[in-house]
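# Notes for the structure review
Each chain, letter by letter, is given below.
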Amino acid sequence: ALARDPETAFDDASSQISRLRVSSGGQRNGRLAQSFIVASQAQTLLGNDSQANALLNQASATAPIGPAGQAIRAYILMARGKQALQDGRQADALLLYRRAQAEFIAAHDVRGQAIALQVLGRMFTDIGDEENSIRYLNLASETFSGEDLFKLNLENNLGVARQNAFHHEEAIPHFLAALTL
């Protein structure tokens, strides 16, 4: 729903934030932090970068301290990485996604780790470094394969990276695998 209709996603997240603020009584709350992240992502898609950043700051302030909030902090880093990419700050984005990957590892969140790895792989494809792209995408594949949408994106990204590296015959099975999902 976020990508299709960011305005509705923002409204839904804002409603959730209002409800959770009351029920949490000012305590740090993972669901509240996650709602701030969704609201931030919606604002990023709507082009409201300053509001998106303010919402990420609120997510950071409400995320649980310690291990309970580690994955949430990693998702905040990924959201900041996405903002950096959209602003053309690839070097900052690379650092943020690598930090997110490390946080996901520490949180034992293989899905989040694999998503961060896949984004890193796509970033290397975008700058023409297919060797690193394939390496990161293969790591993502080895880390997690539990969702069809994730596998579809991963197979397409691996196909593109291999095609860009002029390994056309190696790209074909990835595109075919994506078609079967």
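Residues numbered from 1 in each chain as written. Predicted model: local features only at pLDDT ≥ 70, side-chain atom pairs only at ≥ 80, totals over all residues. Heavy atoms only, no water.

## Brief notes about the nonpolar core
For clarity, the threshold we go by: By nonpolar core is meant a set of buried Ala, Val, Leu, Ile, Met, Phe, Trp, Tyr and Cys residues that side-chain atoms within 4.5 Å join together. Categorising residues by exposure relies on relative accessible area from a 1.4 Å probe, with only protein chains included: less than 20% of the type maximum marks a residue as buried, more than 50% marks it as exposed, and the intermediate range marks it as partly exposed. Secondary structure follows DSSP: runs of H or I at least 4 residues long count as helices, runs of E at least 2 residues long count as strands, and numbering of each begins at the N terminus. Residue contacts follow a heavy-atom distance rule, with two residues in contact if any of their heavy atoms lie within 4.5 Å.
With 26 residues, the main nonpolar core has M78, Y97, F104, L120, M123, F150 and L154 as its most contacted residues. Only α4 (70-86), α5 (90-107), α6 (110-126), α7 (130-143) and α8 (148-164) provide two or more residues apiece to this core. Sorting elements by how many residues they give to this core places α6 first, with 7 residues. Not counting residues up to four positions away in its chain, the partners in contact with M78 are Y97, A100, F104, G112, I115 and A116. Listed in part, the 18 residues of the second largest apolar core include I17, A33, L55 and I72.

## A word on the packing of helix α3 (residues 49-62) against α4
Selection criterion: Each axis is a line fitted through C-alpha atoms, and for a helix only the stretch in contact is used; angles between axes span 0 to 180 degrees, taken between their N-to-C directions. By definition in this entry, angles of less than 35 degrees are roughly parallel, angles greater than 145 are roughly antiparallel, angles of 65 to 115 are roughly perpendicular, and the rest are oblique. The handedness criterion is simple: a crossing whose near helix is rotated anticlockwise from the far helix by less than a right angle is left-handed, and one whose near helix is rotated clockwise is right-handed.
At a minimum axis distance of 10 Å, the contact between α3 and α4 shows a crossing angle of 165°. The orientation of α3 relative to α4 falls into the category roughly antiparallel. Seen along the crossing, α3 lies across α4 with a hand that is left-handed. In this structure, α3 uses D49, A52, N53, L56, N57, A59 and S60 to contact α4, whose residues at the interface are I76, A79, R80 and Q83.

## Examining a negative patch on the surface
We count it as follows: A residue counts toward a patch only above 30% relative accessible area and without a salt bridge, and it is joined to like-charged neighbours within 9 Å or, for Val, Leu, Ile, Met, Phe, Trp and Tyr, to nonpolar neighbours within 5 Å. Each accessible area value is a Shrake-Rupley result obtained with a 1.4 Å probe; residue values ignore everything except the protein chains displayed when judging cover. One speaks of a salt bridge when a side-chain nitrogen belonging to Lys or Arg is within 4 Å of a carboxyl oxygen belonging to Asp or Glu. Positive charges are assigned to Lys and Arg, negative charges to Asp and Glu, while His and the chain termini are left out of the count. Note that the charge is assigned to NZ on lysines, CZ on arginines, CG on aspartates and CD on glutamates.
Side chains of D5, E7, D11 and D12 sit close together on the surface and give a patch of like negative charge. Structurally, E7 can be placed in helix α1 (residues 6-24). Residue E7 is classed as exposed on the basis of its relative accessible area of 52%.

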